[in-house]
Amino acid sequence: MRILYVFCLFFLLHAPLWAEEMTPQQVIKHLILPVNFHIEIFAENLPNARTLALGDDGVVYVGTRQQGSVYAVQDADGDGVADKQFILAEGLYMPNGVAYKDGDLYVAETHRIIRFDDIGQHLSAPPEPMVVYDQFPRDKHHGWKYLAFGPDGLLYTSIGVPCNICLPAKSIYGTLVRLKPDGSNLEILAKGIRNSVGFDWHPESGVLYFTDNGRDYLGDDLPPDELNQWTAKGQHFGYPFCHGGMVKDPKLGQTKDCEVFEQPVWKFKAHMAPLGILFYTGKQFPKRFQNQLLVAQHGSWNRSKPHGYRIALVKFRNGKPVAERHFISGWLTADGKVLGRPTDIMQMPDGSVLIADDTLGVIYRVYYKK
């Protein structure tokens, strides 16, 4: 009981301050973007909007974590603002991940992947979902999943560890996996991953990059959060022995050599909480954004001075990350108040970008126009 009291007191003293309720239109007035970039509300009234997937017909599918719902929104008249909204499912177990392929919507709950067939034709009356795979652990802690189809046509997801720091009892924890769309042939691709909730493939090399959120309670500035590169089956990225590359865990890492594990290709500041990522390939943004990485940094929850709450740009050169810049900021005010928390990024056919915000329950649209 005393430990719980101390934890609650620490959280109350150090948690970010939530700003007085603002409308989405008021919030976007606080956001800072590069010159000639603009941001507007694409869709709102989407509680806990987390991850995004795009259908062939332009319908945007939205997964949630705490809400348990899956939504679809549609810009039917093409004016850049969604004018139709549908609830496809309710009461699911943290349906965070959504992916679309060949007319079907795949949804990753904590313990399974389900599929809504021919979803675009049944938005107002969705069919009962088919179970694709149902053998994942049911642990709520880090149980929410990201879901995406790779260039090979296979489904990719990850299984977080059921703790802050521990040596998981089952080999499936802390892994990156893939499987066929019918749920068969599950493969463990990599291990030692604490909690990845975002990945994308480099448009030129085809290499998979994924974010990983570092452990808590090593202080404000350790360990760094990670951007990792997966290239071969069997890779191990260090958890729970080493964090952020070379930071040994004080409990579990003392007998380990961190150099034997895969090292991050980029290190974010600790507790930034990088989630969804996107390699930009559209033609609307200036050429300097081509094949560069946008990162949704959800923001710290227990750092003494909050940071994150922004979209970062990680610049790549010759296939390697070389610098990190602000792309969109302002969700964290100068006095430490939080206006929103970005979670995922998705590119639209016209080259604009959608960003989900699970705190405000909205989707922003970012576009470039002189």
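These remarks concern the structure in this document. (Residues numbered from 1 in each chain as written. Predicted model: local features only at pLDDT ≥ 70, side-chain atom pairs only at ≥ 80, totals over all residues. Heavy atoms only, no water.)

## Observations concerning the pairing of strand 27 (residues 342-347)
What counts, and what does not: A simple rule labels every residue: compare its accessible area, found with a 1.4 Å probe on the protein chains alone, to the largest value its type can have, and call it buried under 20%, exposed over 50%, or partly exposed in between. Only DSSP runs of H or I with at least four residues qualify as helices, and only runs of E with at least two residues qualify as strands; both kinds are numbered from the N terminus onward. Any two strands between which DSSP finds at least two bridges are classified as paired.
Burial analysis of strand 27 places 6 of its 6 residues in the buried class, the great majority of the element. Relative to strand 28 (residues 353-357), strand 27 is paired through 5 bridges, and the arrangement is antiparallel. Note on strand 28: the bridge partner recorded for Ile345 is Ile355. With antiparallel pairing between neighbouring strands as the criterion, strand 27 and strand 28 make up a hairpin whose turn holds 5 residues, including Gly351 at a positive phi of roughly 95°.

## So, the layout of surface pockets
Note the following rule: A 1.4 Å probe that fits but cannot get out identifies a cavity on a 1 Å grid over protein atoms alone, an open set with protein on both sides within 12 Å along at least five of seven lines counts as a pocket, and a residue lines either if it has an atom within 4 Å of a point. Grid points are joined across faces, edges and corners, and a volume is the space filled by probe spheres set on the points.
Approximately 580 Å³ is the volume found for the second largest pocket. In terms of lining residues, the second largest pocket is bounded by 22 residues, among which Leu54, Ala148, Phe149, Asp200 and Met346 are the most central. For the lining of the second largest pocket, the secondary structure elements donating two or more residues are strand 3 (49-54), strand 7 (97-101), strand 11 (147-149), strand 15 (199-201), strand 22 (274-279) and strand 27.

## Some remarks on the environment of Asp200
Worth spelling out the cut-off: Contact criterion: two residues are considered in contact whenever any of their non-hydrogen atoms come within 4.5 Å of each other. Polar contacts, as counted here, are pairs of nitrogen or oxygen atoms within 3.5 Å of one another; within protein the pair requires one atom able to donate a hydrogen and one able to accept it, and residues that are adjacent in sequence qualify only if both atoms are side-chain atoms.
If you trace the backbone, Asp200 turns up in strand 15. Considering only alpha carbons, one finds Asp200 and Gln229, 29 residues apart in sequence, at a separation of 10.0 Å. Leaving out residues up to four positions away in the same chain, Asp200 has contacts with Val207, Leu208, Tyr209, Ile277, Leu278 and Phe279. Within the local environment of Asp200, its side chain forms a polar contact with the backbone nitrogen of Phe279, the two atoms lying 2.9 Å apart.

## Quick word on the sheet that holds strand 11
Strand order in the open sheet formed by 5 strands is 11-12-13-14-18, and the pairing between neighbours is mixed. Both edges of this open sheet fall to strand 11 and strand 18 (235-236), since each of them pairs with a single strand only. Here strand 13 (residues 175-179) pairs with strand 14 (residues 187-191) via 3 bridges, running antiparallel. In the strand pairing of strand 14, Val177 is matched with Ile188.

## Thoughts on empty space enclosed by the protein
Defined as follows: By the convention adopted, Pro, Cys, Tyr, Trp, Phe, Met, Ile, Leu, Val and Ala count as nonpolar, Lys, Arg, Asp and Glu as charged, and the other residues, Gly among them, as polar.
Within the structure shown, the criterion is met by 2 cavities of 30 Å³ or more. Size it by volume and the largest cavity reaches roughly 50 Å³. In terms of lining residues, the largest cavity is bounded by Gly192, Arg194, Asp212, Asn213, Gly214, Arg215, Glu226, Phe237, Tyr239, Cys242 and His243. Each residue belonging to the lining of the largest cavity can be placed in one class, and the counts come to 3 nonpolar, 4 polar and 4 charged. Taken as a whole, the second largest cavity holds about 50 Å³ of empty space. Looking at the lining of the second largest cavity residue by residue, the class counts come to 3 nonpolar, 5 polar and 2 charged.

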